[in-house]
Amino acid sequence: MNFCFYVRRYTYTCGFSKIVLKSRLTLRKIQIVNMGLLTEGSPLSWEETKALAEHVRHHGIEQFINLYRKLRERTGDVLKWGDEVEYIIVKFDDKNQRATVSLRADELLPKLQEKELEDPQNVKSLWRPEYGAYMVEGTPGKPYGGLLAHFNIVEANMRYRRMEASNLLKEGEVIMSITNFPRLGCPNFTSPPYAAKPDRGVTMSHFFPDEGIFSGHPRFKTLTSNIRKRRQEKVAINIPIYRDVNTKIPVDDSHKLEPGAARPDSIYMDAMGFGMGCCCLQLTFQACCITEARTLYDQLAPLCPIMLALSAASPIYRGLLSDVDCRWNVISASVDCRTREERGLEPLKNNKFRIQKSRYDSIDSYLSPDHEKYNDIPIVHDAAIYRHLREGGIDHPLALHVAHLFIRDTVSLFTEKVHQDDENDTDHFENIQSTNWQTMRFKPPPPNSPIGWRVEFRPCEAQLTDFENAAYVCFVVLLTRVILSYNLNFVMPISKVDENMQRAQRRGACTEQRFWWRRDVGAPRTVAPAAPAAPAAPAAPAAPDTPDCDHYLEMTIDEIVNGKEGVFPGLIPLIESYLSGMDVDADTHCSVQQYLKLIQRRAAGEIHTMATWMRDFVTNHPEYKKDSVVTEKINYDLLKTAHDIQTGSTSAPTLLGGSTASKTNEDIPNAFRRMLSKDCS
């Protein structure tokens, strides 16, 4: 989830703030693992952080303006990209047939980072902490590049990461790339077991103990406490339960424990850990310039709900089958720090804005000037910040985007980071920018860095196997190449993207829901013969600069991915058209075809999403009583079977189809390596 936003790439040695020091009797210095290096951080209390909110906002905007002026003309960066896979450490107790999460991430991470410390330029993997004390995040040691041959090393690197972590585990422990632990929040779901303490601590949860939060980095518990304090009450997550014939309503006694917050007919959760304790699969792309980065941001945004539905993998929460397939709204509610006023439940008095969404949600606007007319929802923004950005030379859509992000307060601040050099630092900007956890993220270059303008693609759920994760990664990366090569246009009104995001999370959405999609994306006529004209609509003509409704129609995931004759060519046919004109080695071609076949079959409903596979497993388990309850035994059998599929010892034809054997390799062919060296010399 990239929590460590302003200590992630560099180690800082800024001095302590004298003002803050005077207000603190003691400073708890905590070592932070960052890029394999150790630094010290002292988190401020919420009261101190709140008092500095305008300070962070003001200097964050100054830093962005300064960075933009320096780097807006930067061009010529080459394509680089990489993935992030998050893992859960699961512990099996075979004697008692129980599965729990193992709280050993703090113990494993230093060992996983040893190679990076010793030789940071030549490691095959990088490891970072995540929110849960049972989670780790792995990325490639170096970003991948523009050669098609790089697609063939993704899966091998993922295998290496899984093996590297697995070699450090104790007996009974396994690493699993599952989106959500099904019994998270149930009694004794951790190893060692801890009880939740609703009357004290940072979460004050009825279900999720503070010990479940990663303790090796102060940011996670600080965020948890500060989000609750800013909201002025605990977070409230209510997910509809799957109603089977024996499902109890009310679901449990949560509505009595938390009247007004817990809904009787929903699975109620009350802690940040239920959302940020989920795993996901993310991608980051470096663009050649700011214009290309903004183009990718806009064009990939409509793809986010499609990929969310296609990767659906989390139907179970707190040991109960839900009526949703995805984590998105769970995480959104888990970090929703809006007050009652900001949520529209009370008149504005102490707050400035009525804010429509949590700080974890879908994007609210496109960034390219050409796409302004598609920003058809109100974009709440700080008018003074917007004016300041415009005076600083920032164009309207980008200024509006930043001014919208900056309606949020900082929810985590360190003493060492209060006072900064706005000409050379961007920590205050990143403080707020990176705690707007949206479907897409526009990432300016770090100051004084070779890294260019980037975008981050964030909706995908973590898949069970390395083959699946590699397939989803390569599919999205290939789409970025197709978008840029064919100059495609996927953009549609933001309101329709928002509507799609909600549809994408419904049970069985991958095969049963329809999604708004652009009818003509500008594909070459060799790939997409002219579609018949849309039927005339009786509605009044659209106003100038208003998107024409006839340009969009509701389509299934199958039609969007595989095509609808005479209407839309399909994303995979577009990719195949692109690849047909490229030189690619035989192994890479084989692997990519296997990956595309998985995506094709899952979109068509020939094989299941992980969410559907899990539902089928639970509802067909001999111990299931048609009451929506996932018992200890069902959970154990579910995860044992999933782990066997993950390791290849058990086949899963309904989840993976037939063969998942790719030609993945740990390195690109020597011929391509020599060509790459020649091009770079």
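Rules used in this analysis
- Residues numbered from 1 in each chain as written.
- Predicted model: local features only at pLDDT ≥ 70, side-chain atom pairs only at ≥ 80, totals over all residues.
- Heavy atoms only, no water.
- Buried < 20%, exposed > 50% of the residue type's maximum accessible area, 1.4 Å probe, protein only.
- Helix = DSSP H or I, 4+ residues; strand = E, 2+ residues; numbered from the N terminus.
- Pairing = 2+ DSSP bridges.
- Contact = heavy atoms within 4.5 Å.
- pLDDT = per-residue confidence, 0-100.

### Considering the pairing of strand β5 (residues 125-129)
- By the criterion of burial, β5 is predominantly enclosed, with five of the five residues buried.
- By the alternation rule, side chains of β5 split into S125, W127 and P129 and L126 and R128, which are all buried.
- When β5 meets strand β6 (residues 135-140), the two strands line up antiparallel, connected through five bridges. When the bridges of β6 are listed, L126 appears paired with T139.
- Between β5 and β6, which pair antiparallel in sequence order, lie five residues.

### A closer look at the environment of I88
- Mapped onto the secondary structure, I88 falls in strand β3 (residues 80-93).
- Measuring from C-alpha to C-alpha, the distance between I88 and S102 comes to 8.3 Å, with 14 residues separating the pair along the chain.

### A closer look at the environment of Q600
- Among the structural elements, Q600 can be located in helix α21 (residues 586-604).
- Judged by its relative accessible area of 26%, Q600 falls in the partly exposed class.
- Note: C-alpha distance between Q600 and I557 (43 residues apart in sequence) is 9.7 Å.
- If sequence neighbours within four positions are ignored, Q600 has contacts with N562, I572 and E576.

### Details of the confidence of the model for the chain
- Counting all residues, the mean pLDDT for the chain is 90, and 89% of those residues have values of 70 or more.
- The low-confidence segment residues 2-40 (pLDDT under 50) makes 114 contacts with residues lying over four places distant or belonging to another chain.
- Considering only residues more than four positions removed or in separate chains, one finds that residues 530-544, a stretch of pLDDT under 50, has eight contacts.

### Quick look at unusual backbone geometry
- Backbone torsion omega between S191 and P192 reads -5°, so that peptide bond is classified as cis.
- The topology assignment puts P192 in the loop between β8 (190-191) and α7 (218-231).
- The omega torsion across I249 and P250 is 0°, close enough to zero to call that bond cis.
- As for its position among the elements, P250 is in the loop between β9 (237-240) and α8 (254-257).
- In this model, Q97 sits at a positive phi of 50°, which is unusual for a non-glycine residue.
- As for its position among the elements, Q97 is in the loop between β3 and β4 (98-102).
- On the basis of relative accessibility, which here comes to 32%, the residue Q97 falls in the partly exposed class.

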